[in-house]
Amino acid sequence: MLVLDRVSKNYDLGRRGTVRAVDQVSLEVLAGETVALVGESGCGKTTIAKLVLMLERPTGGSIEFEGQDVTALRGASLKAYRRQVQAVFQDPYASLNPRLRVAKIIAEPILAHERPGRAALRRRVEEVLDVVGLPASAASLYPHEFSGGQRQRIAIARALALRPRLLVLDEPVSALDVSIRAQVLNLLLDIQGEFGLTYLLIAHDLALVEHVSSRVAVIYLGGVVEAGPTGQVFAAPAHPYTRALLASVPRPDPDYLLPDTPALGEPASAIDPPAGCRFHPRCVQAMTVCHSTPPSPLPALPGSTEHVAACHLLEPERVEATRIPA
Amino acid sequence: MTAAPLLEVTDLQTHLHLRRGVVRAVDGVSLRIEQGEALGLVGESGCGKTMTSLSLLRLLPKGSGAVMQGSIRLDGQEITALSEAEMVHEIRGKRIAMIAQDPMTSLNPVFSIGDQVSAPFRYHGLARGGSALRAKAAEVLRRVRLASPEKRLRDYPHQFSGGQRQRIVTAMAIACTPRLLLADEPTTALDVTIQAQIIALLRSIQQESGAGIILITHDLGVAASLCARIAVMYAGRIVEQGPVREIYKRPAHPYTRALLSAVPRLGAPRGGRLTAIPGQPPSLLDPPAGCRFAPRCAHRMAACEQYPPDLAIGPGHSAACWLTAKG
């Protein structure tokens with residue numbers, strides 16, 4: 001449904017260099033599935049979301065939606081594309097205009113694309129409010145009259161108003177309290193089942209990603225370091241960064257001991273990313289080759305086609321060399 | 001006679017008298033922390049965690065009409081009876097120190113790191129003169145594993161990353177070797193790999209200095225990775241407390257159980273529905289009489305109209321729920 005092919009996005013800072021926010025990212029999203037992008041702050045997850053929403057144009061590469069290159073779209077055809085791709089953002093306190101009533105907030109995207117009659121419009125607003133579990137009376141209230149969880153429901157209703165096919169969910173529950181998160185998450189899963197929606201989920205919470213996504217791409221400093229079916233990536237992470245990420249997640253289990261140094265130091269800057277593998281300065285298994293040559297994606301396990309990781313440790317001759325002789 | 005506990009809080013109440021009414025931010029909290037122990041104070045936003053820690057330092061916001069009652073004993077000394085001057089010179093920063101919540105806003109952007117980190121030494125008269133203060137600041141920054149601290153004393157907060165700022169804020173808190181550290185969401189703003197580093201740092205500080213820690217967090221995973229005991233707070237009260245193993249393996253209060261099952265866990269089977277807690281926390285302006293979780297509780301019964309007392313379940317493990325009374 002959605003195919004990103006070697007997409008890059010650079011931001012020129014003039015004398016201070018160039019931010020390579022997204023670098024040669026390839027990604028495929030099938031209809032009806034949930035693909036998750038995980039990574040730490042500043043790794044380029046949100047930039048990828050903006051590129052998919054066509055809020056930013058890529059510096060290189062192509063983005064295809066149902067076989068059509070959307071990076072070339074302009075005017076009416078771009079508008080038609082945006083109708084099918086909607087977004088839910090992280091902070092429902094910032095993403096809803098405090099001066100508009102809920103009815104207006106939800107009607108805005110509809111009015112941008114259609115000219116429905118007043119009664120038809122009201123019916124559609126009430127319909128989507130019902131889908132997200134809010135009463136029709138909510139339409140006449142302002143955002144400040146709702147709690148965080150309810151506001152996120154309003155944001156979801158707005159995203160659904162145009163009956164899109166793809167929803168970009170940028171950290172949809174991380175601003176919410178623990179007891180409210182599960183409500184919103186369950187709602188998103190229900191809606192996906194009911195309307196056959198496709199989700200591109202952007203999150204840093206690995207447990208959440210494991211719970212809801214079918215496939216996952218792990219991003220580090222603008223590049224995909226590992227990708228594959230969620231179950232395989234989480235059960236047998238192949239890239240040292242993925243392993244460090246997974247080991248760093250504190251678990252609600254007193255028997256789980258958090259390792260002291262899962263990854264050394266802190267992420268480098270995307271303005272002047274390290275040569276070779278971008279993760280090598282933090283990697284506990286870095287070799288000489290990692291300092292100079294960027295690794296290309298390789299099967300994470302011999303024969304696996306879907307689960308790939310970009311790491312020199314996976315090159316056949318090295319796997320051979322590190323194998324302990326029988 | 002056994003040694004006095006590091007901190008004993010009995011029936012602490014902090015009410016904010018506003019024009020709209022009385023906000024019962026902290027409403028009868030009792031806690032006990034042994035020497036060198038780490039306690040996790042877990043709860044959602046607005047449940048009174050931060051107000052509890054501010055009350056321990058008697059740093060309640062001015063003009064909020066805050067009224068505090070109850071007893072707070074530090075090493076057996078009642079600190080609610082101390083004067084403001086005694087709090088300033090003897091307690092705050094010296095015996096109880098706080099690691100601020102957000103390292104992005106808690107450092108002053110117009111003073112150098114050297115100035116800010118040496119402030120506690122200057123203030124409490126532990127060092128005099130520029131070079132002695134700089135040496136002290138560098139030493140404490142080395143203890144929080146900041147690389148080449150001498151060279152960075154002249155740098156300003158914006159020249160440090162989030163993880164480094166958290167280390168700097170931590171250095172300021174441990175400067176005067178306090179007996180008790182209050183860490184309010186010390187890792188919330190950080191990425192997971194950096195969060196793991198900060199948790200490791202707090203653990204080593206605890207082992208090296210023998211200080212007690214109150215870790216305030218909404219993340220059950222973070223609490224489990226550092227704390228020996230856990231207290232779960234809901235709407236201004238502690239609903240359950242006990243050893244970390246008991247709380248996570250045998251949670252007794254329905255709220256604790258709901259919290260534990262509301263978060264997805266790594267390694268759990270995919271796609272199942274999470275157990276959502278219906279409704280939302282009550283307003284502390286007018287909390288329900290009786291058990292405050294009752295309106296959202298699946299096990300609600302007639303007895304819940306009365307607030308349940310703290311009922312013992314096992315050694316050091318208690319919950320404020322009528323269900324535990326029936327066994």
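Just so we're clear, the structure is a prediction, and the values are computed from it rather than from any experiment.

Calculation notes
- Residues numbered from 1 in each chain as written.
- Chains lettered and ligands numbered in written order.
- Predicted model: local features only at pLDDT ≥ 70, side-chain atom pairs only at ≥ 80, totals over all residues.
- Helix = DSSP H or I, 4+ residues; strand = E, 2+ residues; numbered from the N terminus.
- Rg over C-alpha atoms; globule rule 2.2 N^0.38 Å.
- Buried ≥ 20, exposed ≤ 12 C-beta atoms within 10 Å, placed from the backbone.
- Contact = placed C-beta atoms within 7 Å.
- Core = buried A, V, L, I, M, F, W, Y, C linked by C-beta atoms within 7 Å.
- Nonpolar A, V, L, I, M, F, W, Y, C, P; charged D, E, K, R; others polar.
- Pairing = 2+ DSSP bridges.
- Right-handed = clockwise from strand over helix to strand, strands pointing away.
- Axes fitted to C-alpha atoms, helices over the stretch in contact; angles between N-to-C directions.
- Expected span 1.5 Å × (residues − 1).

(A) Spatial organisation of the overall build of chain A. For chain A, the count of helices and strands is eleven helices and twelve strands. A compact globule built from 326 residues should have a C-alpha radius of gyration of about 20 Å, and chain A, at 21 Å, falls within 12% of that. The C-alpha extent of chain A, read off along each of the three principal axes, is 75 × 50 × 40 Å. Taken across its 326 residues, chain A has 46% of its residues classed as buried. Put simply, 61% of the contacts in chain A that link residues at least 6 apart link residues at least 24 apart.

(B) Inspection of the overall build of chain B at higher detail. When helices and strands are counted, chain B shows eleven helices and twelve strands. For 327 residues, the compact-globule estimate of 2.2 N^0.38 gives 20 Å, and chain B sits close to it at 21 Å. For chain B, with 327 residues in total, the buried portion stands at 47%. Within chain B, contacts between residues at least 6 apart in sequence are counted, and of these 63% link residues at least 24 apart.

(C) Just the nonpolar core, in detail. Val218(A), Ile214(B) and Leu215(B) are the most contacted members of the largest nonpolar core, which totals 194 residues. If near-sequence neighbours (up to four positions away) are discounted, Leu215(B) is found in contact with Ala38(B), Gly40(B), Leu41(B), Ala183(B), Ala223(B), Leu226(B) and Cys227(B).

(D) How the structure looks around the interface of chain B and chain A. Between chain B and chain A, the residue contacts involve 37 residues of the former and 37 residues of the latter. Broken down by element, the side of chain B that touches chain A gets its largest block of residues, seven residues, from helix H7 (residues 192-209) of chain B. Of the residues that constitute the side of chain B that touches chain A, the class distribution is 20 nonpolar, ten polar and seven charged.

(E) Just the pairing of strand E8 (residues 198-203) of chain A, in detail. All names here are of chain A. Counting buried residues in E8 gives six out of six residues, a clear majority hidden from the surface. Where strand E3 (residues 34-38) meets E8, five bridges bridge the pair, whose relative direction is parallel. Residue pairing in the sheet places valine 38 in a bridge with alanine 203 of E8. Across five bridges, the pairing between strand E7 (residues 166-170) and E8 is parallel. Bridge pairing in E8 places valine 168 opposite leucine 200. With respect to chirality, the unit in which E7 leads through helix H6 (residues 178-195) into the neighbouring parallel E8 is right-handed.

(F) The sheet that holds strand E1 (residues 7-18) of chain B, seen in detail. Residues and elements named next belong to chain B. As summarised here, the arrangement of the four strands in space is E2-E1-E4-E5, forming an open sheet in which the pairing is antiparallel. With one partner strand each, in any of the chains shown, strand E2 (21-33) and strand E5 (77-78) form the two edges of the open sheet. Two strands pair when backbone bridges link them, and E1 and E2 are joined in this way by ten bridges, in the antiparallel orientation. In the sheet register, glutamine 13 faces E2, and the bridge partner there is aspartate 27. In the packing of helix H1 (residues 49-56) onto the sheet, the strands contacted are E1, E2 and strand E4 (66-74), and the crossing angle to E2 comes to about 70°.

(G) Representation of the pairing of E7(A) within the structure. Residues and elements named next belong to chain A. Of all five residues that make up E7, five are buried, and the element is covered over most of its length. Residue alternation in E7 divides its side chains into two sets, Leu166, Val168 and Asp170 and Leu167 and Leu169, and both sets are buried. In this sheet, E7 lies alongside strand E6 (residues 85-88) in parallel orientation, the contact comprising four bridges. Among the inter-strand pairings, valine 85 is bridged to a residue of E7, identified as leucine 166.

(H) Focus on the sheet that holds strand E1 (residues 2-12) of chain A. Residues and elements named next belong to chain A. The sheet built from four strands is open, its strands ordered E2-E1-E4-E5 with antiparallel pairing. A single partner strand is all that each edge strand has here, and the edge strands are strand E2 (18-29) and strand E5 (68-69). Sheet topology places E1 next to E2; eight bridges connect them, and they run antiparallel. Bridging from a neighbouring strand, asparagine 10 pairs with arginine 20 of E2. Each of E1, E2 and strand E4 (60-65) is contacted by helix H1 (residues 45-52), which is oriented at about 65° to E2, the strand it contacts most.

(I) Expanded view of the environment of Leu180(B). Residue and element names in this part refer to chain B. Summarising the element assignment, leucine 180 is placed in strand E7 (residues 180-184). According to the C-beta neighbour criterion, leucine 180 is buried, with 24 such atoms within 10 Å. For the pair leucine 180 and lysine 136, spaced 44 residues apart in the sequence, the C-alpha separation amounts to 20 Å. If sequence neighbours within four positions are ignored, leucine 180 has contacts with Leu6, Leu7, Arg95, Ile96, Ala211, Gly212 and Ile214.

(J) Seen up close, helix H6 (residues 162-174) of chain B. All names here are of chain B. The end-to-end C-alpha separation of H6 is 19 Å, in line with the 18 Å expected for 13 residues at 1.5 Å each. The buried count for H6 comes to twelve of 13 residues, which makes it a mostly enclosed element. Inspection of H6 places Gly163, Gln164, Arg165, Gln166, Arg167, Ile168, Val169, Thr170, Ala171, Met172, Ala173 and Ile174 among the buried residues, and these make up the whole buried set. Along its buried surface, H6 packs onto strand E6 (96-99), helix H3 (113-123), helix H4 (130-143), E7 and H7.

(K) Region of interest: the environment of Ala49(A). Residues and elements named next belong to chain A. Its place among the elements puts alanine 49 in helix H1. For the pair alanine 49 and isoleucine 202, spaced 153 residues apart in sequence, the C-alpha separation works out to 7.8 Å. Beyond its immediate sequence surroundings of up to four residues, alanine 49 is in contact with Val168, Asp170 and Ile202.

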